[in-house]
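For reference, the chains in residue letters:
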Amino acid sequence: MAIELNVNGEKRTLDVDPSTPLLWVLRETLELTGTKFGCGAAQCGACTVHLDGHAVRSCVVPVSAVAGKKVTTIEVSGNREVSALQKAWTAIDVPQCGYCQPGQIMSAAVLLAETTTPSDSDIDACMSGNVCRCATYVRIRSAIHDAAASLKGGK
Amino acid sequence: MRSTILTLCVLASTLLFAQCESAAPAPAKASGSGNLTEAWSTVYKVLQSPRCMNCHPAGDTPLVGEASQPHPQNVQRGPLGVGLFAMRCNTCHQTQNTEGPHLPPGAPRWQLPTRGMPLVFQGKSSRELCEQLSDPRRNGGKSPEELLEHVAKDPLVLWGWAPGEGRASVPVPHAEFVRAFQTWIESGCKYPGESRTLTKPGSGAP
Amino acid sequence: MGAPSIGRRRFLQVSAALGGGLLIGFVWPESARAGASTALLPEGDFAPNAFVRIATDGRVTVIINKSEMGQGPTTSLCMLLADELDADWPKVGFEFAPVDPVYAHPGFGIQMTGGSTSTFAMSIPMRQAGAAARALLVQAAANAWHVEASACRTEKSFVIHDASGRRSAYGDLADAAARLTLPADVPLKDPKDFRLIGKPLKRLDTPDKVNGTAVFAIDVHLPGMLTALVAHVPVFGGKAKRIDSAAALAIPGVKQVVDVGSGVAVIASSFWAAKKGRDALKLEWDLGPNAGMSSAGLRAQYKKLAEGPGMVAREDGDPKGAMNSAAQVLDVEYELPYLAHAPMEPLNCVVDLRADSMEIWAGTQFQTVDHAAASATAGLDPQKVKLHTTFLGGGFGRRANPASDYIVEAVKIAMAAKAPVKLVWTRDDDMRGGYYRPMWHSRIRAGLDASGAIASWMHTIVGQSFIVGTPFEPFIIKDGIDGTSVEGSADTDYAFPNLQVDLHTTTVGVPTLWWRSVGHSHTAFVIESFLDEVAHASKTDPLELRRKLLAGKPRNLGVLELAAEKAGWGTPLQHGHARGIAVHHSFESYVAAVAEISFEGGRLRVHKYTVAVDCGRVVNPDTVQAQLQGAVGFGLTATLYSAITLEAGRVVQSNFHDYKMLRVQEMPQVEVHIMPSEEPSTGIGEPGVPVMAPALCNAIFALTGKRLRNLPLREEDLRS
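Here the structure is a predicted model, which is why all the values come from computation and not from measurement. (Residues numbered from 1 in each chain as written. Chains lettered and ligands numbered in written order. Predicted model: local features only at pLDDT ≥ 70, side-chain atom pairs only at ≥ 80, totals over all residues. Heavy atoms only, no water.)

### Structural notes on the overall build of chain A
For step 1, the next point in the chain: The secondary structure content of chain A amounts to five helices and five strands.
For step 2, the next point in the chain: The linear arrangement of helices and strands in chain A, starting from the amino end, is β-β-α-β-β-β-α-α-α-α.
For step 3, the next point in the chain: For chain A, the C-alpha radius of gyration of 15 Å lies close to 15 Å, the compact-globule estimate for 155 residues.
For step 4, the next point in the chain: When its C-alpha atoms are laid out on the principal axes, chain A stretches across 45 × 30 × 25 Å.
For step 5, the next point in the chain: Burial statistics for chain A: of 155 residues in total, 66% are counted as buried.
For step 6, the next point in the chain: Of the contacts made within chain A by residues no fewer than 6 positions apart, 56% connect residues no fewer than 24 positions apart.
For step 7, the next point in the chain: Taking the 14 positively charged and 15 negatively charged side chains of chain A as two groups, their mean positions are separated by 5 Å. (Helix = DSSP H or I, 4+ residues; strand = E, 2+ residues; numbered from the N terminus. Rg over C-alpha atoms; globule rule 2.2 N^0.38 Å. Buried < 20%, exposed > 50% of the residue type's maximum accessible area, 1.4 Å probe, protein only. Contact = heavy atoms within 4.5 Å. Lys, Arg positive; Asp, Glu negative; His and termini not counted. Charge placed at Lys NZ, Arg CZ, Asp CG, Glu CD.)

And the structure:
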């Protein structure tokens, strides 16, 4: 079935089973493998993308629900919050194995889009859906604060 | 009367048959008849069952499961009842159940009541819930008719009867619940044993 | 300590000597025994050895023979080589090595990553490789300038002849250097001349990991590739009895259903089609001999076994006699559950099998073993099989399986599919797929004399061996004792005057495997918690007791004192707070931790871990800090939440809702202190983990008086 998607600003018309989770359409049909499969059950957040600016776990979003909406993945360029977070993530070497990090960044991007000075409890509230088995949480928290400061400072 | 009963029986059996798939909305105008005590007791039982109560919690976190435990992953109500940041309800919950074991349930407008109008069921005694439900200042500004329409037709309410794998349905058939609700409305939203109406029907929005 | 000068042929011997007890060479029965293949060295570039290539544009590519699962070898090994090479760091990049004996672990003899030995084993070889390349570049410049090599120096990818002011870039010298013969002896730098080693340089793999381009095996895409999911029997040791695949085959995209022995594979054009296909399979299982297994039954069995002594792993003095004449005896039991590795990237493997060759992509920690198993399964000459190591989305030991379970499964599927295939295990498959850290039961006793000093210490351990039946057996099981079952206890650094460690090795139908820190993951919890019990029973400060028992052990004492000092041990705490301390030596490194906790709103709150480490000369201190931050979270998760349990033969847990993970809001602050050291670089991937559980439980005891001997902690243990 033909479904029209807007992914990272690009319109794509795809012939896919409408029940396919968005995650697999991104990874397989579009070969955008930055979004990861970690649990398939909305338990780990590795599959997080934005749908019209809101975070969703793409492993449970059927692609039929995405028609006509804007999908943003880690591969996006020119996204203010994502870029700031990637810079902050790099500056203090947040990733270890790195598998969960695209999902972490996409979730954090929503936080920074909604608040200029996130508190630690804001970070708790936003990021608790993103598991990191390597437990890079100390640096994730730090990098979010750094990214927020850099956006405030207009860098 | 007999044809009405017949209609109701046919409807009820249709609804029972359809229970596994989806609960078809009961007609809002179905006549409730019968005993107020039994009716309110049925309503209270439904509202206290996990499928309803879990999203009408006392605190700032939804509840999950038959044991009504706090929702994992630090989920919070947020001011608008839709969660916060990248942990909004619809971050994970779709407009229909995600099929399979331990996967998120879903329905249209999956969310909690707002902080300002929390519509708490958890921990309310029978009398307290009766009073709350009939008070437009505490029930989301609904008239009794609007309340009835809500429980009869709102997809989020109906979800309670088609909750997905691993979750028990509300333990009272939907049609029976609607009938009981109707009876309660027609009694003037009375608490059983009370001689006066607690709130005038159609008192209007707060 | 001067600059060691090491002939090329001798590096294996020297690194093994530095390794001390690591001098073991595994002989893997099925691996290709051919020497280093010259086909390995890419054309066009200057490649003086198997570990580095320099292109004519000056790019330096370091070949990494270790698996990158987050512990940072890509950057550390590059730093080691690049420092000796005097390469310009921004020009340095890396590639993962192909499978070849030249990339074998110098101590273990097979290509693998584990035991926290990457830095330890590869420090000298990487430095030697860099020094050798530098020597040839210098010689090439010296030849061109008609000067002595000794009159030249190097700096940031330039050879410089100060006397004449001439300089030449490495890239420009590459061609000429490629034609020279390596000298027999190449001196290594004196550590005081290190420019890169020891500095917290930024990781080379971070940029790709934050922009989504880093390739994990699950990301590999080949033209015409199919995807397979496998239905595994729900009880270990069972098998499929009847397969009704009609409904599965009717699903659009499903190509094939095939019993591959380890399970029933559904091969399809996409993950989702394969998943729908697998869900549509109607399967009957012969559950096999383990259908009655339960955690309750195993716990009872283990408890019974612990009543009597097992095979003796260590005996000093007269432990039984001293116990009998002790003034006071403490006699308690500790229990730890099966643990899943649960890497974020569930197991998967891509296989492209052709008529007489095969290419495989896997996030493997066990290149030689997996390569051999894959070749044997496909019936191919190993020389015709290429195994590409990708990034690993977590390993923790799961991706180093002597049985090569998911690799063999993938190859079998490829043989049936006759097309490139990606095997994907879902999280549920991964969680229930076995090869867990074993369940352990300890009975531990201390006999105290009248003054409260330890007169006798006896530790009985009950649990499975995952070494028995593998080619590792002759090297790790000695006189019936599996060293990995008793490590941390049988080789304790504590000076117990009379000591016994004994072991009951059980046979249980649950496949087990090493899990980050292996035997230390259970022995440290038991010993550091029990020592705390003894301290309290003898009214001794837990730190003071350890000081006494570690007399003459400067490295253990060093980290213990450092952690205690930085944590403010002995200074007043905020009201309602408590501290617990633990120290442990594993994989040649020494780690101590102090946990600080309180109860907030009736629930346990872990505020902070103060961690001190001695891992010898540090290559990248930022990596060390990161690994210890991670070890806090990894250790806490296991302590608070993790257990794989069995009922009616089946694993109960399936995903992160019932195998809970620590999340950001529960992560404590972590403060890391690194002991400066000139000792050989030792490991950091695993040594942090063992101390985390006992430090926490000792703190809980200090706060509540409740001694917690069973992991994971129960909900009621976490409430005040």
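Now that the structure has been shown, we can carry on.
### Notes on the overall build of chain B
For step 1, the next point in the chain: From N to C terminus, chain B includes eight helices and four strands.
For step 2, the next point in the chain: For chain B, the N- to C-terminal ordering of α and β elements is α-α-α-β-β-β-β-α-α-α-α-α.
For step 3, the next point in the chain: Buried positions account for 47% of the 206 residues belonging to chain B.
For step 4, the next point in the chain: In chain B, 60% of the contacts between residues at least 6 apart in sequence involve partners at least 24 apart.
For step 5, the next point in the chain: Accessible area of chain B: about 10100 Å², with a carbon and sulfur share of 58%. (Areas by Shrake-Rupley, 256 points an atom, 1.4 Å probe, with all protein chains shown as cover.)

### Notes on the nonpolar core
For step 1, the next point in the chain: Trp89 and Ile144 of chain A together with Leu85, Tyr338, Trp457, Tyr609 and Leu696 of chain C are the most contacted members of the largest nonpolar core, which totals 227 residues.
For step 2, the next point in the chain: If one sorts the elements of this core by residue count, helix H3 (residues 118-145) of chain C sits on top with eleven residues.
For step 3, the next point in the chain: Core analysis: the second largest hydrophobic core is formed by 30 residues, Val230, Val351, Leu387 and Leu423 of chain C among them. (Core = buried A, V, L, I, M, F, W, Y, C linked by side-chain atoms within 4.5 Å.)

### Thoughts on the state of the cysteines
For step 1, the next point in the chain: Within the structure shown, the criterion is met by zero disulfides over all chains.
For step 2, the next point in the chain: In this structure Cys52 of chain B is a free cysteine whose sulfur lies 8.9 Å from that of Cys55 of chain B, the closest cysteine sulfur available. (Disulfide = S-S within 2.5 Å.)

### Things to note about the sheet that holds strand E25 (residues 499-506) of chain C
All names here are of chain C.
For step 1, the next point in the chain: If you trace the five strands from one edge of the open sheet to the other, you get E15-E25-E22-E21-E16, paired in mixed fashion. Edge positions in the sheet fall to strand E15 (311-316) and strand E16 (328-336), since each of these pairs with one other strand and no more. Strand-to-strand twist of the sheet, defined as the mean angle between neighbouring strand axes without regard to direction, takes the value 10°.
For step 2, the next point in the chain: In this structure, E15 lies alongside E25, joined through five bridges in antiparallel fashion. Of the residues in E25, the one forming a bridge with Glu315 is Gln500. (Pairing = 2+ DSSP bridges. Axes fitted to C-alpha atoms, helices over the stretch in contact; angles between N-to-C directions.)

### Points about the packing of helix H15 (residues 520-537) of chain C against helix H16 (residues 542-549) of chain C
All names here are of chain C.
For step 1, the next point in the chain: At a minimum axis distance of 9 Å, the contact between H15 and H16 shows a crossing angle of 110°. The orientation of H15 relative to H16 falls into the category roughly perpendicular. Here H15 contributes Glu528, Leu531, Asp532, Val534, Ala535 and His536 to the contact with H16, which in turn contributes Pro542, Leu545, Arg546 and Leu549.
For step 2, the next point in the chain: Tallied by class, the residues present in the contact of H15 with H16 amount to six nonpolar, one polar and three charged. (Parallel < 35°, antiparallel > 145°, perpendicular 65-115°, else oblique. Nonpolar A, V, L, I, M, F, W, Y, C, P; charged D, E, K, R; others polar.)

### Brief notes about the pattern of salt bridges
For step 1, the next point in the chain: Applying the stated rule across the entire model yields 55 salt bridges over all chains.
For step 2, the next point in the chain: Between Arg115 of chain B and Asp60 of chain B there is a salt bridge, with the nearest N and O atoms lying 2.9 Å from each other. Here Arg115 of chain B, found in the loop between helix H4 (89-92) and helix H5 (126-134), pairs with Asp60 of chain B, found in the loop between helix H3 (50-53) and strand E1 (63-64); they are 55 residues apart in sequence, far enough to count as distant.
For step 3, the next point in the chain: Residue classification places Arg115 of chain B among the partly exposed positions, given a relative accessible area of 42%.
For step 4, the next point in the chain: A single network of salt bridges, built from pairs that share partners, joins Asp83, Asp86, Arg134, Lys189 and Arg195 of chain C. (Salt bridge = Lys/Arg side-chain N within 4 Å of Asp/Glu carboxyl O.)

### Concerning the sheet that holds strand E4 (residues 60-64) of chain C
All names here are of chain C.
For step 1, the next point in the chain: Ordered by their spatial adjacency, four strands build an open sheet running E2-E3-E4-E5, and the pairing between neighbours is mixed. Two strands close off the open sheet at either side, each with one partner strand: strand E2 (46-49) and strand E5 (92-96). Each strand of the sheet is rotated relative to its neighbour by a mean of 25°, with strand direction disregarded.
For step 2, the next point in the chain: Of the pairings in the sheet, the one linking E4 to E5 comprises five bridges and is parallel in character. Following the sheet pairing, Val60 is matched in E5 by Val92.

### Section: the environment of Pro173 of chain B
For step 1, the next point in the chain: By secondary structure assignment, the location of Pro173 of chain B is in the loop between helix H7 (155-158) and helix H8 (174-186).
For step 2, the next point in the chain: Of the residues examined, Pro173 of chain B reaches a relative accessible area of 24% and is grouped as partly exposed.

### As for the side chain of Asn620 of chain C
All names here are of chain C.
For step 1, the next point in the chain: Within the fold, Asn620 resides in the loop between strand E28 (603-614) and helix H18 (621-640).
For step 2, the next point in the chain: Exposure remark for Asn620: the relative accessible area of 3% places this residue in the buried category.
For step 3, the next point in the chain: At 3.0 Å, the side chain of Asn620 forms a polar contact with the backbone nitrogen of Asp622.
For step 4, the next point in the chain: Residue contacts for Asn620: discarding those within four places in its chain leaves Thr75, Ser76, Met79, Lys199, Pro200 and Leu201. (Polar contact = N/O pair within 3.5 Å; in protein donor to acceptor, adjacent residues only side chain to side chain.)

### Focus: H18 of chain C
Residues and elements named next belong to chain C.
For step 1, the next point in the chain: Over its 20 residues, H18 runs 29 Å from end to end, which matches the ideal 28 Å to within 8%, given 1.5 Å per residue.
For step 2, the next point in the chain: Across the 20 residues that make up H18, a large majority, 18, are buried.
For step 3, the next point in the chain: The opening residue of H18, the one whose side-chain oxygen lies 3.0 Å from the backbone nitrogen of Asp622, is Asn620. (Expected span 1.5 Å × (residues − 1).)

### Overview of the interface of chain C and chain A
For step 1, the next point in the chain: With 57 residues of chain C at the interface, the matching set in chain A holds 49 residues.
For step 2, the next point in the chain: Carbon and sulfur atoms make up 58% of the surface buried where chain C meets chain A, a total of about 4300 Å² over both sides.
For step 3, the next point in the chain: It is Val210, Met344 and Val664 of chain C that lose the most area in chain C upon contact with chain A, and together they represent 18% of the buried surface on that side.
For step 4, the next point in the chain: Summed over the shared surface of chain C and chain A, the number is four salt bridges.
For step 5, the next point in the chain: Arg139 of chain A is the salt-bridge partner of Asp622 of chain C, the closest N and O atoms lying 2.9 Å from each other. (Buried area = accessible area lost by both parts, 1.4 Å probe.)

### Some points on the packing of helix H6 (residues 144-153) of chain B against H8 of chain B
Residues and elements named next belong to chain B.
For step 1, the next point in the chain: Remark: H6 packs on H8, axes separated minimally by 10 Å, with the N-to-C direction vectors making an angle of 175°. The angle between H6 and H8 places the two elements in the roughly antiparallel class. In contact with Pro144, Leu147, Leu148, Val151 and Ala152 of H6, H8 contributes His174, Phe177, Val178, Phe181, Gln182, Trp184 and Ile185.
For step 2, the next point in the chain: When the residues that make up the contact of H6 with H8 are grouped by side-chain class, the tally is ten nonpolar, two polar and no charged.

### Looking at the pairing of strand E8 (residues 166-169) of chain C
All names here are of chain C.
For step 1, the next point in the chain: Two elements, strand E7 (residues 158-161) and E8, share four bridges in a ladder whose sense is antiparallel. Looking at E8, one finds that Phe158 is bridged to Ala169.
For step 2, the next point in the chain: Connecting the antiparallel pair E7 and E8 is a turn made up of four residues, with Gly165 showing a positive phi of about 70°.

### Quick word on the domain arrangement of chain A
By convention, interface size is frequently given as the accessible area that disappears when the constituent parts associate.
Residues and elements named next belong to chain A.
For step 1, the next point in the chain: The domains assigned to chain A are domain 1 (2-72) and domain 2 (80-151).
For step 2, the next point in the chain: Relative to domain 2, the C-alpha centre of domain 1 lies at a distance of 21 Å.
For step 3, the next point in the chain: In this assembly, 14 residues from domain 1 lie in contact with ten residues from domain 2.
For step 4, the next point in the chain: Between domain 1 and domain 2 the total buried area reaches about 970 Å² when both faces are included, carbon and sulfur atoms providing 57% of it. (Domains from an automatic or database assignment.)

### Details of unusual backbone geometry
For step 1, the next point in the chain: Cis rather than trans, the peptide bond between Leu711 of chain C and Pro712 of chain C has omega equal to -5°.
For step 2, the next point in the chain: Here Pro712 of chain C is to be found in the segment after helix H19 (692-704).
For step 3, the next point in the chain: Of note, Gln73 of chain B is a non-glycine position whose phi angle comes to about 65°, a positive value.
For step 4, the next point in the chain: Among the secondary structure elements, Gln73 of chain B is positioned in the loop between strand E2 (69-70) and strand E3 (83-84).
For step 5, the next point in the chain: On the basis of relative accessible area, Gln73 of chain B is assigned to the buried category, the value being 9%.

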